[in-house]
Amino acid sequence: MKRLFFVLILTLGLLAFSEKVVVTINPYYLLVSQILGDDSNVVLLVPPSANPHLFSLKPTDARTLEEADLIVANGMGLEPYLKRYSEKTVYVSDFIPEILLEGENPHVWLDPFFLKYHIVPGLYRVLSERFPEKRQEIEQNTKNLIEELNEVIMESFRIFSPHRGKIVVMSHPSFLYLFEEFGLKLLSLSSGHEHAASFSTIREILEKKNQIVALFREPQQPGEMLSSLEKELKMNSFVLDPLGTGGERTISELLKKNLKTIEEALR
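Residues numbered from 1 in each chain as written. Predicted model: local features only at pLDDT ≥ 70, side-chain atom pairs only at ≥ 80, totals over all residues. Heavy atoms only, no water.

Q: Break down the overall build of the protein for me, with residues and values.
A: When you go through the protein residue by residue, the secondary structure sums to nine helices and eight strands. Computed over its C-alpha atoms, the radius of gyration of the protein comes to 20 Å, within 12% of the 18 Å expected for a compact globule of 267 residues. Taken along the three principal axes of its C-alpha coordinates, the protein extends 80 × 40 × 35 Å. Relative to its full complement of 267 residues, the protein shows a buried share of 51%. Restricting to contacts in the protein with at least 6 residues of sequence separation, those with at least 24 account for 56%. Summing over all exposed atoms, the protein offers an accessible surface of approximately 13,800 Å²; the carbon and sulfur share of this is 54%. Across the protein, the 29 positively charged side chains and the 36 negatively charged ones have centroids separated by 3 Å. (Helix = DSSP H or I, 4+ residues; strand = E, 2+ residues; numbered from the N terminus. Rg over C-alpha atoms; globule rule 2.2 N^0.38 Å. Buried < 20%, exposed > 50% of the residue type's maximum accessible area, 1.4 Å probe, protein only. Contact = heavy atoms within 4.5 Å. Areas by Shrake-Rupley, 256 points an atom, 1.4 Å probe, with all protein chains shown as cover. Lys, Arg positive; Asp, Glu negative; His and termini not counted. Charge placed at Lys NZ, Arg CZ, Asp CG, Glu CD.)

Q: Now, about the pattern of salt bridges: what can you tell me, with residues and values included?
A: Across all of its chains, the model carries 16 salt bridges by this definition. Here Glu137 ties to Lys134 by a salt bridge, and the two come within 3.7 Å at their closest N and O atoms. Assessed through its relative accessible area of 32%, Glu137 is described here as partly exposed. Given a relative accessible area of 4%, Lys134 falls into the buried group. Between Lys256 and Glu151 there is a salt bridge, and its shortest N-O distance comes to 3.1 Å. Residue Lys256 is located in helix α9 (residues 251–266), and its partner Glu151 is located in helix α5 (residues 135–160); the two are separated by 105 residues in the primary sequence. Residue Lys256 is classed as partly exposed on the basis of its relative accessible area of 37%. Residue classification places Glu151 among the partly exposed positions, given a relative accessible area of 47%. Three or more residues are tied together by salt bridges with common partners; here these are Asp39, Lys134 and Glu137. (Salt bridge = Lys/Arg side-chain N within 4 Å of Asp/Glu carboxyl O.)

Q: Break down the nonpolar core for me, with residues and values.
A: Tyr28, Ile119, Leu123 and Phe179 are the most contacted members of the largest nonpolar core, which totals 56 residues. When residues no more than four places from it in sequence are discounted, the contact partners of Tyr28 are Val23, Val72, Ala73, Asn74, Val92, Val108, Trp109 and Ile119. (Core = buried A, V, L, I, M, F, W, Y, C linked by side-chain atoms within 4.5 Å.)

Q: Let's hear about the sheet that holds strand β7 (residues 212–217): which residues, and what values?
A: Read across the open sheet, the four strands follow the order β6-β5-β7-β8; overall the sheet is parallel. The sheet terminates laterally at β6 (185–188) and β8 (237–239), the two strands that pair on one side only. Pairs of neighbouring strands in the sheet enclose a mean axial angle of 30°, with direction left out of account. Across three bridges, the pairing between β7 and β8 is parallel. Residue pairing in the sheet places Leu215 in a bridge with Ser237 of β8. Together, β5 (167–170), β6 and β7 form the strand contacts of helix α7 (residues 199–207), whose direction differs from that of β6 by roughly 135°. (Pairing = 2+ DSSP bridges. Axes fitted to C-alpha atoms, helices over the stretch in contact; angles between N-to-C directions.)

And the structure:
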C-alpha cells in the first residue's frame, strides 16, 4: 500500500511538471531553466548561432509552438511569427517601462539592471503563478539568480568606470543598453538588422577615431564593414556574443564572458 502511494505521488509530480515552456532565444532559455530548476520542460526555439532577426519558422518549429503550454519571447518586433500564439505568449520586454527603452532596439537581456529589476522579477511572477506547486523552489532559484546578477553589476562598474565618456564601435547595436548604462557611447554601423551602414555614421566614426577605445563584432552578424574599419583605425576587433554560442549554463555566465572580452578590449 505504501509503495502504491509513493508511485502515485511520483506520477502526480511528473504530471505537474510536464507542461512545455518554449522560449524563443537562448538567453531566456538560460533564465527560465534556472528559475524553474532541472526538472522543468523548457525548449529552445532559435539556436544561439542563428540570427534571431532573420529566423523563420520551419514546420517542426510551428509544431513545437503548437505543443507549447507557455511561450516566453522577447517582443519588440524580434518574433513576428508569434502573432497567432499571442494568447499563450509572455513578452519579456513588456516587463520594462517603455521610457527606459531605446526606440525599437530589442536587446534588453544584455543590460544587467533590466534583468535584475524588471525581467527576472517579471518571469518570477509569471512562473510562480503558472507553477504554484514549485513556488518555493522558484523563489529560491530566483534569489540565487539575483545574487549572481549583483556580482555582474559590480564587475561591470569595475570594468567600465575608468572609461566613462569614451566611444566603442559595433556593426550591430545589440549591446547599446549595456554600454550606455555604464557611461560609454556606442556607435553602431547599422541601426538595425535591415539597415546598412550610413555614410554619416562612417564619417562620425572617422572624425572621432581618437576617442574610440574598442571595436566589437558578433558571431551572428556579418562583419565586412567592421573589417574595413579595422584597417582604417588600425585597431583589432573583439567578439561579443549576445546569445550564448559557447555553451554557457546561466545568463550570468554569458554576461561575464562578454565582460571579460570587453575588459580585454579596453585594456
